[in-house]
Amino acid sequence: MNAAGTRMPAWAAALTGLVAGAVALGAAQIIAGLIDPGAAPVVAVGGAVVDATPAGLKEWAIRTFGSYDKAVLLGGIVVVLALVAAGLGLLARRRAAYGTLGLAVFGLVGAAAALSRPDAGVAHVLPSLAGAAAGAWTLSRLARRAMDSGEEDYVAASRAADRERAPATRPVSGPAGAVVADEDSRSTGPGPAMPAVMRAGAAPYVFDRRRLLTGAATGVAVAGAAGLGGWLLSGTKDGEIARRSVAKMLPRAARPAAPVPSGADLRIPGLAPFVTPNADFYRVDTALVVPSVDPARWTLKIHGLVDRPVELTFADLLKRPLMEADVTLTCVSNEVGGPYIGNARWLGARLADVLREAGIRSEADMLLSVSEDGWTCGTPVDVVMDGRDALLAVAMNGEVLPESHGFPVRQVVPGLYGYVSATKWVTEIRVTRFDRDEAYWTPRGWAPKGPIKTQSRIDLPRDGDEVTAGRTTVAGVAWAQHRGVDAVEVRVDGSAWRQARLAETPGPDTWRQWSLDLDLTPGRHTISVRATDATGYTQTEDEAPPAPDGATGLHTVTVTAR
Ligand SMILES: Nc1nc2c(c(=O)[nH]1)N[C@H]1C(S)=C(S)[C@@H](COP(=O)(O)O)O[C@H]1N2
Ligand SMILES: [Mo]
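Residues numbered from 1 in each chain as written. Chains lettered and ligands numbered in written order. Predicted model: local features only at pLDDT ≥ 70, side-chain atom pairs only at ≥ 80, totals over all residues. Heavy atoms only, no water.

## A short note on the packing of aromatic side chains
A full pass over the atoms with the stated rule returns eight aromatic pairs. Between Phe281 and Tyr282, the aromatic rings sit 5.5 Å apart at their centres with planes inclined by 20 degrees, giving stacked as the arrangement. For the pair formed by Phe281 and Tyr282, the shared burial category is buried. In this structure an aromatic cluster arises from ring pairing among Phe281, Tyr282, Tyr340 and Trp346. One cation-aromatic arrangement involves Arg444 over Tyr440; the distance from NZ or CZ to the ring centre is 3.8 Å. Against the face of Phe434 rests Lys449, its NZ or CZ located 4.7 Å from the ring centre. (Phe/Tyr/Trp six-rings, centres within 6.5 Å; stacked < 30°, edge-to-face > 60°. Buried < 20%, exposed > 50% of the residue type's maximum accessible area, 1.4 Å probe, protein only. Lys NZ or Arg CZ within 6 Å of the ring centre and 35° of its normal.)

## Some details on helix 6 (residues 126–147)
Here helix 6 spans 31 Å end to end across 22 residues, near enough to the 32 Å set by a 1.5 Å rise per residue. The complete set of buried residues in helix 6 reads Pro127, Ser128, Gly131, Ala132, Gly135, Ala136, Thr138, Leu139, Leu142, Arg145, Ala146 and Met147. (Helix = DSSP H or I, 4+ residues; strand = E, 2+ residues; numbered from the N terminus. Expected span 1.5 Å × (residues − 1).)

## Quick notes on the site of ligand 1
Surveying the vicinity of ligand 1 reveals 17 residues, the closest of which are Tyr282, Thr286, His405, Arg410 and Lys424. Contact distances for ligand 1 include 3.1 Å between an oxygen atom and a backbone N or O atom of Val284. Measuring from a nitrogen atom of ligand 1, one finds a backbone N or O atom of Ala422 at 3.0 Å. In isolation ligand 1 exposes 530 Å². Once the protein is present, 99% of that is buried. (Near = heavy atom within 4 Å. Polar contact = N/O pair within 3.5 Å; in protein donor to acceptor, adjacent residues only side chain to side chain. Areas by Shrake-Rupley, 256 points an atom, 1.4 Å probe, with all protein chains shown as cover.)

## A few points about the sheet that holds strand 5 (residues 366–371)
Pairing in this open sheet of five strands is mixed, and the strands run 2-1-10-5-6 from one edge to the other. Every other strand in the sheet has two partners, leaving strand 2 (310–313) and strand 6 (376–380) as the edge strands with one partner each. Adjacent strand axes in the sheet meet at a mean angle of 20 degrees, parallel and antiparallel pairs treated alike. Two elements, strand 5 and strand 10 (residues 426–432), share six bridges in a ladder whose sense is antiparallel. Opposite Leu368, over in strand 10, you have Arg430 as the bridge partner. Sheet strands in contact with helix 11 (residues 351–358) are strand 1 (299–304), strand 2, strand 5 and strand 10, and its direction is about 55 degrees off that of strand 1. (Pairing = 2+ DSSP bridges. Axes fitted to C-alpha atoms, helices over the stretch in contact; angles between N-to-C directions. Contact = heavy atoms within 4.5 Å.)

## Considering the confidence of the model for the protein
Across the protein, pLDDT averages 87, with 86% of residues at or above 70. Every residue in residues 166–201 is under pLDDT 50, and counting partners more than four places away or in other chains gives 36 contacts. (pLDDT = per-residue confidence, 0-100.)

## Concerning the UniProt feature "transmembrane region" (unreviewed entry) in the protein
If you check UniProt for "transmembrane region" (unreviewed entry), the listed places come out as residues 71–91, 98–115, 121–139 and 212–233 in our numbering. For residues 98–115, the end-to-end C-alpha separation is 25 Å, with 100% helix and 0% strand making up the annotated structure. In residues 212–233, helix accounts for 100% and strand for 0%; the two terminal C-alpha atoms are 31 Å from one another. (UniProt positions renumbered as here; feature names shortened; annotations may be inferred.)

## Topic: a nonpolar patch on the surface
Judged by side-chain polarity, Ile30, Leu34, Ile35, Leu126 and Leu233 come together as a nonpolar surface patch covering roughly 420 Å² of accessible area. Broken down by element, the residue count for the nonpolar patch peaks at three residues, all from helix 1 (residues 10–35). Structurally, the position occupied by Leu34 is in helix 1. (Patch = residues over 30% accessible without salt bridge, like charges linked within 9 Å, V, L, I, M, F, W, Y side chains within 5 Å. Salt bridge = Lys/Arg side-chain N within 4 Å of Asp/Glu carboxyl O.)

## A word on the packing of helix 1 against helix 4 (residues 69–94)
Between two packed helices, both the angle of their axes relative to each other and the distance between the axes serve to describe the pair. For the pair helix 1 and helix 4, the least separation of the axes is 7 Å and the interaxial angle reads 125 degrees. Judged by the angle between their axes, helix 1 and helix 4 are oblique. Judged by the sense of rotation from one axis to the other, the crossing of helix 1 with helix 4 is right-handed. When helix 1 is examined against helix 4, the residues Ala10, Ala13, Ala14, Thr16, Gly17, Leu18, Gly21 and Leu25 are found in contact with a partner set consisting of Leu81, Ala82, Ala85, Ala86, Gly89, Leu90 and Arg93. Among the residues making up the contact of helix 1 with helix 4, the classes are represented as 10 nonpolar, four polar and one charged. (Parallel < 35°, antiparallel > 145°, perpendicular 65-115°, else oblique. Left-handed = near helix turned anticlockwise from the far one by under 90°. Nonpolar A, V, L, I, M, F, W, Y, C, P; charged D, E, K, R; others polar.)

## Some thoughts on the pattern of salt bridges
Considering all chains together, one arrives at 24 salt bridges under this definition. A salt bridge links Asp437 to Arg430; the nearest nitrogen and oxygen atoms lie 3.1 Å apart. For Asp533, the salt bridge is made with Arg483, and the minimal N-O distance between the two is 3.0 Å. Placement of the pair is Asp533 in strand 18 (residues 523–533) and Arg483 in the loop between strand 13 (470–479) and strand 14 (485–492), with a sequence separation of 50 residues. The class of Asp533 is buried, set by a relative accessible area of 2%. Assessed through its relative accessible area of 28%, Arg483 is described here as partly exposed. A cluster of three or more residues bridged by salt bridges with shared partners is formed by Glu240, Arg243 and Glu399.

## Some points on the pairing of strand 18
Within strand 18, eight of the 11 residues are buried, leaving the element largely enclosed by the surrounding structure. Pairing of strand 18 with strand 19 (residues 555–561) involves seven bridges; the strand directions are antiparallel. Among the inter-strand pairings, Ser528 is bridged to a residue of strand 19, identified as Thr556.

Here it is, written out as structure tokens:
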């Protein structure tokens, strides 16, 4: 039959594939919105990619794209999908079955990725499978719409020819429904005349650009509406409502922290403020979609090597005496001089007390905490039990935890990098042993244990800045959580180290601001900083990359004085 007609042009075939792909994703999104946003195929595949990505590449991504790494990954997946969808459209032009087959393969890949996610249920295959079905239907429908008009033309033309001989009324569409124009009926507006390729005995296939484009536009609109619907359904608003209701329930601290000493913040423009506002707080996690946890249904199970397993509700947690603590979080993947550090005042229940009630067995040395989305974190038991302010935190800087920072409950343990201590959306703590269990990052090239290394950073001037010759202020932050910073020194052009002025701190668990006024002669200068912690240890000049257990080396900036 095809031999009788024209073939769809390649661009048109690619377009049918693209639109089918968009409809597939839109359909998947709306169903995922009903089930779980994490089951959306792009998110599920992205999550699988994140988990499978070697540590080095992930580090590179975080370094290169910063907080945008997730957007870049999702964007990359969408671009790949678009290319494949266009390719499927081209294949389907040869044989319709190829398109269906390709979409089916896609549906299965998405479903497998969704099932592989740690928090998956069987229902998580639905978005991908339904999306693939919707995509396949759209693809064949669009192809027919663009190409089978020739047959109608042929029929219509022969009828018209008949009518010419015996004139009859034209079909009219109307409310009575007697003759309703087919939704697929030919457009009548200006446009290319249909080349009715008619050969004896065969219904010709004719490519109709207009019909393809209107069909494609409908498909794109449907896909967009479905995608938007899915996004609205996926509970972004529910999360805000839940946060607001929790804000009303939050009790005052039974043990409030003393106000932050006024001398903790030197208030130098360009210097990181002592308290990092929540909106500016760095975010690092593997979650492509922020887990949305309903506090009314949240529980924390503590089990494993304990005498009495416990399960706490959110109300149980709030009934406990809550305490405040100023703690600076740091990410192990932070480069020397990097931005993945922030300081906040946390409100929460003392983790050690909760664990003591469960009765930790003596052979246990690891707390394997698990988040809503299945991420895991291994924290040494002795660190949590040694009296430091390790918390199950519910508030950050006087606000309910933001969703991206772990709402409704996260761990905070002073002195340990976030990947081994700061579980967000925490729902479970398995008391276990390091020789029995492994947390998420361990098989991915990061050390099982991660105490924070003594470090310092120059915030101003910034690398590459031009400064006026003469008096210049250098300032920054230094940290050695739970040991405390005792000294910060600055070196210009390899001369002798000079003591910087230290700001006050509320305790050893936060970073400490420092500053020093320098006299710079005109020309290029290299400025380095180093910190000494309260154990007397001075940070090493030896350079090490972030993996496996934190970067070392001195932060150095080069400036030009004029
Ligand atoms: N559930 C979950 N919690 C997590 C992570 C994660 O990937 N998932 N990342 C950890 C890491 S590596 C760090 S550095 C801190 C960062 O906390 P923040 O995003 O609130 O700054 O969260 C920790 N908690
Ligand atoms: Mo981290």
